[in-house]
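Chain and residue survey
These are the residues of each chain, in order.
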Amino acid sequence: MQPSVESLVRLLESYRGRDKVIRIVCYGSQLVGGVLSRKAETDVSSQRLGKRLLLFSAQLSHCRTVLRLFDDLSMLAYSHSYGIGGREEDVGVRWISVLTNVADQLYYPCEHIAWAADAGLIKVKSDKWWLYGTVLWGTSLLLGILRSLRVLLLLKKKLKGYERDGAGHSRSQLRRQMRGEVLSILSSMADLSNAIHWMPPGFLWAGRFPNWLVGLMGTISSLIGLIQMNAGHSTETDSTLSLPHREE
């Protein structure tokens, strides 16, 4: 097989890689479906295809929700190994990361309860649990942005020091790390915009995004996540806590 095909096969054989691919296809389908649906008044065939793509996107979203039923233990193991971040050099980065892990850990049971309620397995209203999950996801994303900004500031200070010392190899490594943090910020901002969209009406731009814009933001975030995964920048929580879109 061609190297590109072999790379795709290896990616799909891993859980994290498969989730990245499903996420890209999910949001990409919503993006294209949303664009085609806007042509409904002039093109009936485009409307039909757009609706089918949106339905396909919703099914992939549901698939990812079900797969995340088994992510609690891996998230717990990651949180336990990180602890209170004793290995971090910076106190700010340490406590931001700890709070992020707490938000991530609490997200999963909220989503599981909401899913079980929608599936009719338990007799509770799912709306408030979806809301709790969205708030926790948005909190995690916001904390991630703050952490990346703090890390960028620290790396910039180190870079100035290496420039004075003339350490070329160290400078190039720091620049790669800084690019990785910038990508993380862009990815989190794209996801955060969708998280706010799924908040109750009246909160900022909640409920105002058309399908194509939700798909665009999610596609941007997903592609960045795949790039980071290939570059080795992604963490365990980057791939586990990537909330799919929900049909409101």
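Throughout, residues of each chain are indexed from 1 in the direction in which the sequence is written. Per-residue local features of the predicted model are confined to residues with pLDDT of at least 70, and side-chain atom pairs are confined, for both listing and counting, to 80 or more; whole-chain, interface and lining totals are unaffected and use all residues. The side-chain figures draw on all heavy atoms in the structure; neither hydrogens nor water molecules are used.

An unreviewed UniProt entry lists the protein chain under the name Peroxisomal membrane protein 11C, with Etheostoma spectabile given as the organism. UniProt, in its Subcellular location (unreviewed entry) section for the protein chain, records the words "Peroxisome membrane". UniProt positions are given in the numbering used here, feature names are shortened, and annotations may be inferred rather than shown by experiment.

So, on to the pattern of salt bridges. What counts as a salt bridge is simple: a side-chain nitrogen of Lys or Arg found within 4 Å of a carboxyl oxygen of Asp or Glu. Throughout the structure, instances matching the rule amount to 7 salt bridges. The partner of Arg64 in a salt bridge is Asp19, with the nearest N and O atoms 2.9 Å apart. Highlighted residues: Arg64 in helix H3 (residues 44-67) and Asp19 in helix H2 (residues 15-37), separated in sequence by 45 residues. Each of the two residues, Arg64 as well as Asp19, counts as buried. Residues Lys158 and Glu89 are paired through a salt bridge, measuring 3.6 Å at the closest nitrogen-oxygen approach. One end of the pair, Lys158, is in helix H6 (residues 127-165); the other, Glu89, is in the loop between helix H4 (72-82) and helix H5 (91-118), and 69 residues separate them in sequence. The classification of residues rests on relative accessible area computed with a 1.4 Å probe and restricted to protein chains. Under 20% of the type maximum is buried, over 50% is exposed, and intermediate values are partly exposed. For Glu89, a relative accessible area of 72% translates into the label exposed. To qualify as a helix, a DSSP run of H or I must reach at least 4 residues; to qualify as a strand, a run of E must reach at least 2; elements of each kind are numbered from the N terminus.

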